[in-house]
Amino acid sequence: MGLFGTAKSVLVVDTAAVLKTKGVRGRAAPRQQLQLLRALSRIVQREKIKVTAVLVGAPLDKAPHNKVFDGVRVRYAKSEDVLTKELIKSLKQAGSAGVLVAEDVALEKRIIGSGGTTLRVSTFRKLLDDGNEQNENGGNYSNNNRPQRNDRRDRNRGPRPNRGGNNQQPRPQQQQQSAADESVVEERNERNSGDDTISQMIDLVE
């Protein structure tokens, strides 16, 4: 993507704010937190940047505090009351390359005032959602549709031949052809009659 312009950027992400924009209310479930960590991992691989995710709650078994999970460093705040302090600690750990991703206006002003860099969650979500769309659309999408096309071909082939023996004889081909010929003759007669009627109307007008 090249959104950050340098591979040295370290995003410090307020995951609680990101999850809220996804419709999560209250404390996020461990499953939701793991899903977000995996989405952040895809950003790390795609953008070639570093990410520190700050989660609220008890540390997950698969992602201990201040350890790297799938390329993402994970830190925890015991509650939202101490979330700001943990975000600031994470920024200090990231150094001058740290970029805060949050929706706390007061905290953003504080970071910018001290010479730091911030990024709104709404802007970050575009990057996050773009990665999710690529992941969902990848794979054998076209192959999944092939059985449906084969089904349509099977339906267009018409009824299958009778396998029940000679109890039901199919209609002889000659009778079918004769009936078709009679139908064509009737249609021609109707057309000729219609043409005669139109010709008579034209003669009357003249």
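Residues numbered from 1 in each chain as written. Predicted model: local features only at pLDDT ≥ 70, side-chain atom pairs only at ≥ 80, totals over all residues. Heavy atoms only, no water.

Trainee: Whenever I open this one, unusual backbone geometry confuses me. Can you help?
Mentor: When glycine is set aside, most residues are seen to have a negative phi, and most peptide bonds are trans. In this structure, N66 takes a positive phi of about 60° despite not being glycine. The residue N66 is located in the loop between β2 (50–56) and β3 (67–69) in this model. If you check the backbone angles, D70 has positive phi at about 50° while not being a glycine. One can find D70 in the loop between β3 and β4 (72–77). (Helix = DSSP H or I, 4+ residues; strand = E, 2+ residues; numbered from the N terminus.)

Trainee: What exactly am I supposed to notice about the environment of S41 here?
Mentor: Summarising the element assignment, S41 is placed in helix α2 (residues 30–47). You can call S41 buried: its relative accessible area is 4%. Each C-alpha atom, one on S41 and one on G71, is 5.9 Å from the other, the two residues being 30 residues apart in sequence. A polar side-chain atom of S41 sits 2.6 Å from the main-chain carbonyl oxygen of D70. (Buried < 20%, exposed > 50% of the residue type's maximum accessible area, 1.4 Å probe, protein only. Polar contact = N/O pair within 3.5 Å; in protein donor to acceptor, adjacent residues only side chain to side chain.)

Trainee: Would you explain helix α3 (residues 83–94) in this entry?
Mentor: Since the α-helix packs 3.6 residues into each turn, any two residues three or four apart lie on the same face. With 12 residues, α3 should reach 16 Å at 1.5 Å per residue; the first-to-last C-alpha distance of 16 Å fits that figure. By the burial criterion, the buried members of α3 are L83, E86, L87, I88, S90 and L91. Contacts made by the buried residues of α3 are with β1 (10–14), α1 (15–21), β2, β4, β5 (98–102) and α4 (105–113). (Expected span 1.5 Å × (residues − 1). Contact = heavy atoms within 4.5 Å.)

Trainee: Even after reading the chapter, I still don't get the pairing of strand β6 (residues 117–120), so can you show me in this structure?
Mentor: Remark: a regular strand shows side chains that alternate across the two faces of the sheet. Across 4 bridges, the pairing between β5 and β6 is parallel. Bridging from a neighbouring strand, L100 pairs with T118 of β6. Of the crossover connections in this fold, the one passing from β5 over α4 to the parallel β6 is right-handed. (Pairing = 2+ DSSP bridges. Right-handed = clockwise from strand over helix to strand, strands pointing away.)

Trainee: Looking at this structure, how should I read the nonpolar core?
Mentor: Counting residues in each nonpolar core, the largest one holds 31 residues, and the members touching the most others are L11, V13, L37, L40, F124 and L128. Of all elements in the fold, only β1, α1, α2, β2, β4, β5 and α5 (121–137) reach the threshold of two or more residues within this core. Discounting residues that sit within four places of it in the chain, L128 has contacts with V18, K22, L36, A39, L40 and I43. Of all hydrophobic cores here, the second largest spans 13 residues; its members include V54, V56, L83 and I88. (Core = buried A, V, L, I, M, F, W, Y, C linked by side-chain atoms within 4.5 Å.)

Trainee: Honestly, the confidence of the model for the chain in this entry has me stumped. Any pointers?
Mentor: Should the pLDDT be low somewhere, the predicted coordinates at that spot are not to be read in detail. Counting all residues, the mean pLDDT for the chain is 76, and 60% of those residues have values of 70 or more. Predicted confidence in the chain is weakest over helix α6 (residues 141–156), with a mean pLDDT of 43, and strongest over β4, with 98. This stretch, residues 137–154, has a pLDDT under 50; its non-local contacts, to residues over four places away or in other chains, come to 1 contact. In this model residues 197–206 is a low-confidence stretch, pLDDT under 50, and it forms 0 contacts with partners more than four residues away in sequence or in other chains. (pLDDT = per-residue confidence, 0-100.)

Trainee: I would appreciate a short explanation of the pattern of salt bridges in the present structure.
Mentor: Side chains that carry opposite charge are capable of pairing whenever their charged atoms lie near each other. All told, the structure shown has 6 salt bridges when counted by the stated rule. Here K20 makes a salt bridge to E80, at a shortest N to O gap of 3.8 Å. Taken together, the residues span a long stretch of sequence, with K20 in helix α1 and E80 in the loop between β4 and α3 at a distance of 60 residues. By relative accessible area, E80 is classed as partly exposed at 43%. Across the pair E103 and R120 runs a salt bridge whose closest N-O atoms are separated by 3.9 Å. With E103 in the loop between β5 and α4 and R120 in strand β6, the pair connects residues that are 17 residues apart, well separated along the chain. R120 sits in the partly exposed class, given a relative accessible area of 35%. (Salt bridge = Lys/Arg side-chain N within 4 Å of Asp/Glu carboxyl O.)

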